[in-house]
Amino acid sequence: MIGLKGTLNVIDNSGALIVECVNVLKNKVNNGWGSVGDEIVCVVKRARPVPASAQLSAAALKVRRGDVRRAVIVRTRKAVRRPDGRVIRFDDNAAVLLNNKREMLGTRIGGVVSADLRMKGWGKIVSLAPKDRWRITGADRALPILPPD
């Protein structure tokens with residue numbers, strides 16, 4: 001559950017490191033709280049430093065500190081219950097930055113994301129993210145996925 005002033009890690013290569021939520025878009029059901037797959041408006045609080053040599057080139061970083069951007073929430077610390085009864089919870093809150101056309105700003109994803117994103121129309125983010133090697137079987141334990149014998 002991400003609300004106003006909530007901070008999230010950015011897990012793409014757009015140049016931002018930490019963003020702060022200022023608005024949850026189109027979510028009248030949950031009174032301004034966002035969950036996995038919801039789109040938010042955020043402010044870049046910390047970004048990667050731009051080296052002096054890269055400032056002159058066209059390949060400079062895409063975001064700077066203070067930029068207002070859209071993002072999609074990909075991980076939350078708040079536990080989410082799936083329809084089959086499983087409970088999914090991550091260690092941190094994370095987001096991926098978007099442009100105004102709802103396309104990803106970065107080209108790579110640097111961490112695991114929730115599989116629930118595919119059902120909410122963010123299949124491109126799920127396909128670019130590294131696959132998790134742990135299968136969640138319950139709220140209190142995780143088992144490694146073993147290759148078939």
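The chain has the name Ribosomal protein L14 in an unreviewed UniProt entry, where Auriscalpium vulgare is given as its organism.

Asker: How should I be thinking about the pattern of salt bridges in this particular structure?
Answerer: When the charged atoms of two side chains lie near each other, side chains of opposite charge can form a pair. Under the criterion given, the structure shown has six salt bridges. A salt bridge links Arg70 to Glu39; its shortest N-O distance comes to 3.3 Å. Of the two residues, Arg70 is situated in strand S4 (residues 68-75) and Glu39 in strand S3 (residues 39-47); the sequence distance between them amounts to 31 residues. Assessed through its relative accessible area of 10%, Glu39 is described here as buried. One salt bridge connects Asp92 with Arg75, and the closest N-O pair in it is separated by 3.0 Å. One end of the pair, Asp92, is in the loop between strand S6 (87-88) and strand S7 (94-98); the other, Arg75, is in strand S4, and 17 residues separate them in sequence.

Asker: I'm lost on the environment of Asn9 in this one. Help?
Answerer: Of note, Asn9 is situated in strand S1 (residues 7-10). Here Asn9 falls in the partly exposed class, since its relative accessible area comes to 30%. The spatial distance from the C-alpha of Asn9 to the C-alpha of Asn93 is 6.2 Å, given a sequence separation of 84 residues. When sequence neighbours within four positions are dropped, the list of residues in contact with Asn9 reads Leu17, Ile18, Asp92, Asn93, Ala94 and Ala95.

Asker: Mind showing me how you'd approach the pairing of S3 here?
Answerer: For a regular strand, side-chain orientation follows a simple rule: the groups alternate between the two sheet faces. Most of S3 is tucked away: seven of the nine residues are buried. Relative to S3, strand S2 (residues 16-24) is paired through seven bridges, and the arrangement is antiparallel. In the strand pairing of S3, Ala16 is matched with Ala47. In terms of strand pairing, S3 meets S4 through five bridges, oriented antiparallel. Of the residues in S4, the one forming a bridge with Ile40 is Ala71.

Asker: Where do I start with the state of the cysteines in this structure?
Answerer: Disulfide: a covalent bond formed between the sulfur atoms of two cysteine residues. The final tally for this structure, using the stated rule, is zero disulfides. The thiol of Cys21 is unpaired, and the distance to the nearest cysteine sulfur, on Cys42, comes to 7.4 Å. Residue Cys21 is classed as buried on the basis of its relative accessible area of 1%.

Thresholds, definitions, all that
- Residues numbered from 1 in each chain as written.
- Predicted model: local features only at pLDDT ≥ 70, side-chain atom pairs only at ≥ 80, totals over all residues.
- Heavy atoms only, no water.
- Salt bridge = Lys/Arg side-chain N within 4 Å of Asp/Glu carboxyl O.
- Helix = DSSP H or I, 4+ residues; strand = E, 2+ residues; numbered from the N terminus.
- Buried < 20%, exposed > 50% of the residue type's maximum accessible area, 1.4 Å probe, protein only.
- Contact = heavy atoms within 4.5 Å.
- Pairing = 2+ DSSP bridges.
- Disulfide = S-S within 2.5 Å.

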